[in-house]
Every structure is written in C-alpha cells, then in structure tokens.
Amino acid sequence: MYRGAAFGLITALTLTACGGGGDSDDNPLAGGADGGGRSIVVGSANFPENQLLAEIYAQALESKGLKVTRKFDIGAREVYYDQVVKGGIGVLPEYNGALLSVAVDKNSTATSTADINAELKEKLPSSVEILDSAAAEDKDSVTVTAEIAAKYKLKTLADLKPVAGDMTLGAGSEFKTRTQGGVGLEKVYGVKFGKFQPLDAGAQSTLVKLLKDDKVQAANLYTTDPAIVADKLVVLEDPKNLFSSQNVTPLVYKAAVDDKAKEALNAVSAKLTTEDLLEMMKKLVNDKEDADSVAEEWLSSAGLVK
C-alpha cells in the first residue's frame, strides 16, 4: 500500500511529537519566525514516525546554529504537500516513492530509488526540491516468523513460489488486488498464496498476533514496524523491486534553506538506515520514550551533534 495509506494505520498510536520551538497556535502552520529572526519551519505528517524524523531534522539544523520552528502533526500528504510548495513549510521528511506516485505523478511506474528520484527532480514544482535520500525506508513487505523462514528456507519473495500454496497471507483487504500486492506477487514472482486473510486498516497489531500464533504464515507489514525487531520477524527481500522504494527524503522549499541547512539535512540522510528507524520506533512505541530524546540519542550516536 502506498505510504499515504499508512497514516490511518499508524495514527492509532497516540504519541505526541516533542520538542520546543513551535507555536501553541491551534493552526500548526501559523507563524514561522522564532526570536525575531528568520526561522526554518520544519513540518511533519500526522503519524509518530514522521514526527520523529522531523524532530531529527530540526535538531540537526539547530546543531548548525540555525533557528527552527516546529510545525508537527499537520495532517496527511493532501494537506501538507501544498504548504511546502507554497512556502508555509520549509522542510518536511518525505517518502520518495509515495511523494512521486501520490502527489506528483499518479501514473508513474518508477520503483527504484534512482528512477523515483530522477522523476521527482524533473517533475516537482520549481519552488521545491528533494535533497539526498537516506538508505532508510518504510515500505510494504511480506514478513514471516523466524520459524517459518527456517522451515521453508525463505530469504526472498522468490523463495515463496513453491510453498506459498500451503500458506495463508494476512494483509489489509486492498492488498489482494493491488499491483504492489497480491497481483504483483503472482505476476513478478509467480507467488500465489493458498489463502488470503483480509484485515481492516489499522489492524497491524492484530496481524502481528496472527502471524506469531501461526494463524497466518506471512503478513504484509511496514518495514519499520517495531514488532519486526521485538519479535525477531524476517522481512523477505524483494530483489525485483515489486514494492517501490520509499526512502526517507527531505522535501524542502528552496527559498527556506541555504547551503548550511542542506548540508545538515544531507548529513542525516547519509547516516540513517532502516535498522536505525526500526530501533528508534521500538523506543518510541514500545518503550514510550519521547521523540526529542530518541532523536537526540540517534544524532549523537551518528556523530551528527556534539
């Protein structure tokens, strides 16, 4: 499912983004000046992972002596994208595949990081640009337990072909008919599951329980779901890029960021991995740590702040 669909799944985690510097206005887009000087407005979508990424960006910018105004929890892409294009937000953490296919070109068939970013650079409005993409992704996956992976010798999606007929796949109901879903699994990898267990949006925790209880043997999980780490689940590799790349990528309003700001944001992208996101989301969701402290700890461990 495209990244925008994740909003409804993850916002059920009622975590509050942390960190100072923002206004207490009801309107998260109000203002933009901090301490009387020019301030970079860092925004986020309305789910915890994106708020955490925005906090990382904000602290990275502040570590370079730049003023930041936080405008977190703005809403879905349909709300915040136009605000970046118009300059109401200066910096926002995006997911490149969803940005392209949802907001920029709904007919795009690009799946690799390189192809997606090339199209974004060509097709984005002139007022905005993307900076360097991180290796970190939050994308769809087919995930199994360690026991199932060992039993069927599963490492990649292709390995499912001879055994999927004996397995049940659990996923959101829409996954069955999507190209980046059941249709694509059969077309690209020749994989057809014996049974399909549909779940409503927002039922990721239920899906994980079904997987652990062997009620389903494979599940469509997002790659930064904390359960992957906590329960030692195995995300099957996707060598043919059935699921389009969803690299964490700064989307910026050009006039709001100078070279120093771009350097700070690109430095974050150079260090951030999917494994890092998994660990941070575990701290945020399972351990109930604050987003600002999780961000600060990661930036320090990555050598990006002193």
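Just so you know, these numbers come straight off a predicted model, no measurement behind them.

## Structural notes on the overall build of the protein
What the protein contains, in helices and strands, is twelve helices and twelve strands. Looking at the protein as a whole, 52% of its 306 residues qualify as buried. In the protein, the proportion of contacts linking residues at least 24 apart, taken out of those at least 6 apart, comes to 76%. By element, 47% of the accessible surface of the protein is carried by carbon and sulfur atoms, the whole surface being about 13400 Å².

## Details of the packing of aromatic side chains
This structure, assessed with the given rule, holds two aromatic pairs. Each ring, one from F175 and one from F243, has its centre 6.2 Å from the other, and the planes form 35°; the classification is tilted. One end of the pair, F175, is in the loop between β8 (168-172) and α7 (182-189); the other, F243, is in the loop between β11 (234-235) and β12 (248-253), and 68 residues separate them in sequence.

## Focus: helix α4 (residues 96-104)
Those residues of α4 that sit buried are N96, G97, A98, L99, L100 and V102. Next to the buried residues of α4 lie α3 (77-86), β5 (91-95), α5 (113-123), β6 (128-130) and β12.

## Description of the nonpolar core
By size, the foremost hydrophobic cluster in this structure holds 56 residues, and its most contacted members are V42, L52, L61, V248 and W298. Looking at which element gives the most residues to this core, the answer is helix α2 (residues 48-62), with eight residues. Those residues in contact with V248, other than ones at most four positions away along the chain, are L53, Y57, E94, Y95, D132, S133, A134, A136, S269, L272 and L277.

## A word on the packing of α2 against helix α11 (residues 274-286)
Two quantities define a packed helix pair, namely the angle between the helix axes and the distance between the axes. For the pair α2 and α11, the least separation of the axes is 11 Å and the interaxial angle reads 110°. Classified by the angle between their axes, α2 and α11 sit roughly perpendicular to one another. Counting all contacts with α2, which are made through P48, E49, L52, L53 and I56, the residues of α11 involved are L277, M280, M281 and L284.

## Observations regarding the packing of α2 against helix α12 (residues 291-301)
The geometry of α2 relative to α12 is characterised by a closest axis approach of 9 Å and an angle of 55° between their N-to-C directions. Comparing the axis directions of α2 and α12 gives the class oblique. In this structure, α2 crosses over α12, and the sense of that crossing is right-handed. Facing L52, E55, I56, Q59 and A60 of α2, the residues of α12 in contact are A291, D292, V294, A295, E296, W298 and L299. A per-class count over the contact of α2 with α12 returns eight nonpolar, one polar and three charged.

## What to know about the pattern of salt bridges
What the rule picks out here adds up to eleven salt bridges. One salt bridge in this structure joins R70 and E55, with 2.9 Å as the shortest N-O distance. One end of the pair, R70, is in strand β4 (residues 68-71); the other, E55, is in helix α2, and 15 residues separate them in sequence. For the pair shown, R70 and E55 are each scored as buried. R70 is the salt-bridge partner of E62, the closest N and O atoms lying 2.9 Å from each other. One continuous salt-bridge network, built from bridges that share partners, spans E55, E62 and R70.

## Observations concerning the pairing of β4
Burial of β4 is two-sided: the residues V68 and R70 facing one way and the residues T69 and K71 facing the other way are all buried. The sheet contact formed by strand β3 (residues 40-43) and β4 spans four bridges and is parallel. Within the sheet, the bridge partner assigned to V41 lies in β4 and is T69. Considered for its hand, the β-α-β crossover made up of β3, α2 and β4 is right-handed.

## Notes on the sheet that holds strand β10 (residues 218-222)
Ordered by their spatial adjacency, five strands build an open sheet running β9-β8-β10-β7-β11, and the pairing between neighbours is mixed. If you trace the sheet from one side to the other, it starts and ends with β9 (195-199) and β11, each paired once. Pairing of strand β7 (residues 140-144) with β10, which is carried by four bridges, proceeds in the antiparallel orientation. When the bridges of β10 are listed, T143 appears paired with A219. Here helix α8 (residues 204-212) sits on the sheet and contacts β7, β8, β9 and β10; the angle it forms with β10, its principal contact strand, is near 145°.

## Observations concerning the confidence of the model for the protein
Put simply, the protein has an average pLDDT of 88, and 87% of its residues get 70 or more. Confidence drops under pLDDT 50 across residues 1-36; counting only partners more than four residues distant or on other chains, this segment forms 89 contacts.

Thresholds, definitions, all that
- Numbers given to residues run from 1 along each chain, matching the order in which its sequence is written.
- For this predicted model, a pLDDT threshold of at least 70 governs which residues receive local features, and a threshold of 80 or more governs which side-chain atom pairs are given and counted, while totals over whole chains, interfaces and linings are taken from all residues.
- Computation of side-chain values covers all heavy atoms of the structure but excludes hydrogens and water.
- Under the DSSP-based scheme used, a helix requires at least four consecutive residues in state H or I and a strand at least two consecutive residues in state E, with every element numbered from the N terminus.
- Burial here depends on accessible area, computed with a 1.4 Å probe over protein chains only, as a share of the maximum for the residue type. Under 20% is buried, over 50% is exposed, and the range in between is partly exposed.
- The criterion used for residue contact is that any of the two residues' heavy atoms lie within 4.5 Å.
- In this description, accessible areas are obtained by the Shrake-Rupley approach with a 1.4 Å probe, and a residue is regarded as covered only by the protein chains that are shown.
- Only the six-membered ring of Trp is used, alongside the rings of Phe and Tyr, when aromatic pairs are assigned; centres must lie within 6.5 Å, and planes under 30 degrees apart are stacked while those over 60 apart are edge-to-face, with the rest tilted.
- Definition used in this section: a nonpolar core is a set of buried Ala, Val, Leu, Ile, Met, Phe, Trp, Tyr and Cys residues joined via side-chain atoms within 4.5 Å.
- Lines fitted to the C-alpha atoms define the axes, with helices restricted to the stretch that makes contact. Angles between their N-to-C directions range from 0 to 180 degrees.
- Here roughly perpendicular refers to angles of 65 to 115 degrees, roughly parallel to angles under 35, roughly antiparallel to angles over 145, and oblique to all remaining angles.
- Here a crossing is taken to be left-handed if its near helix is turned anticlockwise relative to the far helix by less than a right angle, and right-handed if that turn runs clockwise.
- Following the grouping adopted for this structure description, the nonpolar residues are Ala, Val, Leu, Ile, Met, Phe, Trp, Tyr, Cys and Pro, the charged ones are Asp, Glu, Lys and Arg, and the polar ones are all others, Gly among them.
- Whenever a carboxyl oxygen of Asp or Glu lies within 4 Å of a side-chain nitrogen of Lys or Arg, that contact is scored as a salt bridge.
- We call two strands paired when DSSP finds no fewer than two bridges between them.
- By convention, a crossover is right-handed whenever its connection, traced from the first strand over the helix to the second and viewed with the strands pointing away, goes clockwise.
- Values of pLDDT, which run from 0 to 100, indicate the predictor's confidence residue by residue.

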